[in-house]
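Reading the structure
Single-letter residue listing:
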Amino acid sequence: MKVVFLHHANVYRAGIERMLAVKSTMLAEQMGWDVIMLTYEQNGASFPYPLSPKVKCVDLNVHFYDAFKVPHPMRYFRKLALRRQLGRALRTFLREQQPDVVICTDKDANELNALSWAHTTEKLVIEAHTGMIDHEMQVLRTESLVRKLSARKDMARLKKAVSQFDALVALTPDDARCWSPLVSTVVIPNFLPGGPCPVADLSVEKKRIIVVGRLDYQKGQDLLLKAWQQVEARHPEWHLELFGDGADSDQQELHALMSAFHLRNAAIHPSTPDITAQYVQSDFLVCSSRWESFGLIIIEAMACGLPVVSFNCDNGPRNIIAEGQNGLLVRNGDVDDMAAKICQLIEHSEQRRQLGANARQSVARFGQKVVFGQYISFLQHL
């Protein structure tokens with residue numbers, strides 16, 4: 001089987017890029033399939049995660065970000081020209097390569113429309129690494145009436161584009177229900193990459209809480225820092241360690257909050273390729289996302305034996321965390337409840353240990369062998 005993964009650019013050290021690297025490598029190495037990693041805005045950048053040499057990398061050299069270099073109204077016409085360029089490039093590529101399946105991961109209407117226009121006989125699949133909630137939030141967050149109308153128009157274009165595909169892979173049942181009126185949908189979660197994880201020794205208290213994720217509004221680090229004010233006042237010997245990268249403006253905003261709140265035991269570190277080493281040096285993980293399509297960091301931390309405290313946001317965490325069994329769910333956006341739940345785990349070491357042990361057992365369903373088997377079965381039955 002010949003499989004093409006289409007992603008506009010693989011340049012960030014994030015969940016989508018990591019899953020793409022692992023899946024493509026496994027399909028090439030374990031299944032012996034022909035696998036192509038297709039991009040169009042890679043622009044010579046190196047891939048953030050290792051790929052098997054058996055995975056062929058192709059870039060179509062169509063840079064949509066060039067459109068933002070020109071002012072309105074010329075930007076509209078530049079975008080139009082780039083859409084046509086992408087469609088022609090995809091058509092040439094597909095006719096030359098003749099793949100069996102093309103798996104698209106961006107859920108961008110321009111990309112999806114170009115692909116559906118260019119395709120011939122191959123099956124077209126969308127992997128919804130971000131949920132419909134991500135697109136709905138773009139509409140809700142926009143205060144300008146003009147931008148809100150534009151966001152709604154983009155949402156309508158996306159739904160129409162999705163309906164032209166053969167199947168959509170959702171990460172959770174909640175998200176699958178959102179897309180199912182538009183396209184045939186299957187639920188296949190993210191899986192734990194790699195072999196056995198090191199296990200944190202929760203019998204030894206490190207007084208260290210870890211947070212992992214890119215620094216931006218969605219991940220809610222600002223809400224967590226507000227909650228940490230209360231936690232630090234009650235437990236000044238405990239430390240909050242945030243790992244992640246983000247735009248300079250987002251980092252500056254978080255540092256400003258830390259200064260305004262006079263936080264002494266909160267620190268921000270750049271992302272690291274060996275995050276498991278940080279998990280095992282911690283007592284538990286906190287996920288403060290305002291919304292989350294799945295929560296790869298949650299299952300990674302659980303695999304290391306850490307309990308998790310997370311906002312009960314739409315829609316990933318509640319599909320992983322069983323309240324009071326392998327972690328704690330917090331009322332979404334409730335800073336006071338977040339502070340209370342963090343203090344609860346700090347003050348009850350035996351509960352921490354029990355939740356951590358249960359967490360490690362509960363993520364067996366996200367094991368690489370289990371989920372990859374579901375993925376192979378889905379592709380073979382297309």
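Residues numbered from 1 in each chain as written. Predicted model: local features only at pLDDT ≥ 70, side-chain atom pairs only at ≥ 80, totals over all residues. Heavy atoms only, no water.

One open sheet accounts for 6 strands, arranged 10-9-8-11-13-15; its pairing is parallel. Because the sheet does not close on itself, it has two edges, and the strands there are strand 10 (266-269) and strand 15 (327-330). Taken over all neighbouring pairs, the strand axes of this sheet differ in orientation by 20° on average, direction set aside. Sheet topology note: the strand 8 (residues 208-212)/strand 11 (residues 284-287) ladder contains 2 bridges and is parallel. Bridge pairing in strand 11 places Ile209 opposite Phe284. (Pairing = 2+ DSSP bridges. Helix = DSSP H or I, 4+ residues; strand = E, 2+ residues; numbered from the N terminus. Axes fitted to C-alpha atoms, helices over the stretch in contact; angles between N-to-C directions.)

If you look at the biggest cluster of nonpolar residues, it comprises 36 residues, and the most contacted ones within it are Leu60, Leu90 and Leu115. It is helix 2 (residues 74-97) that provides the largest number of residues to this core, a total of 6 residues. With near-sequence residues (within four places) excluded, Leu115 lies in contact with Leu6, Leu90, Leu94, Val102, Cys104, Leu124 and Phe165. Core analysis: the next-biggest nonpolar cluster, separate from the first, contains 33 residues, Ala227, Trp238, Val335 and Leu355 among them. (Core = buried A, V, L, I, M, F, W, Y, C linked by side-chain atoms within 4.5 Å. Buried < 20%, exposed > 50% of the residue type's maximum accessible area, 1.4 Å probe, protein only. Contact = heavy atoms within 4.5 Å.)

For the rest of this paragraph, the subject is the pairing of strand 1 (residues 2-6). Counting buried positions over the 5 residues of strand 1 gives 5, a clear majority of the element. Of the two faces of strand 1, both are covered, the one formed by Lys2, Val4 and Leu6 as well as the one formed by Val3 and Phe5. Bridge count for strand 1 against strand 2 (residues 34-39) is 5 bridges, and the pairing is parallel. Across the sheet, residue Lys2 finds its bridge partner in strand 2, namely Asp34. Direction of pairing for strand 1 relative to strand 4 (residues 101-104): parallel, over a ladder of 4 bridges. Paired with Leu6 across the bridge in strand 4 is Cys104.

As a further point, take the sheet that holds strand 4. In a beta sheet, neighbouring strands are held together by backbone hydrogen bonds and run either parallel or antiparallel to one another. Strand order in the open sheet formed by 7 strands is 3-2-1-4-5-6-7, and the pairing between neighbours is parallel. Two strands lie at the open edges of the sheet, namely strand 3 (56-59) and strand 7 (185-187), each paired on one side alone. Each strand axis lies, on average, 25° off the axis of its neighbour in the sheet, ignoring direction. Strand contacts of helix 2: strand 1, strand 2, strand 3 and strand 4, with the helix running at about 170° to strand 2, the strand carrying the most contacts. Sitting on the sheet, helix 13 (residues 368-380) touches strand 1, strand 4, strand 5 (123-128), strand 6 (167-170) and strand 7, and the angle it makes with strand 4 is about 130°.

This next bit is on the environment of His8. Following the sequence through the fold, His8 ends up in the loop between strand 1 and helix 1 (15-29). The spacing of His8 and Glu41 is 33 residues in sequence and 5.5 Å in space, taken between C-alpha atoms. Non-local contacts of His8, meaning those with residues more than four positions away in its chain, are made with Thr39, Tyr40, Glu41, Gln42, Asp106 and Glu111.

This part covers the side chain of Asp222. Note that Asp222 resides in helix 7 (residues 221-234). Of note is the side chain of Asp222, whose polar atom sits 2.9 Å from the side chain of Arg290. Those residues in contact with Asp222 that sit more than four places away from it in its chain are Leu254, Leu257 and Arg290. (Polar contact = N/O pair within 3.5 Å; in protein donor to acceptor, adjacent residues only side chain to side chain.)

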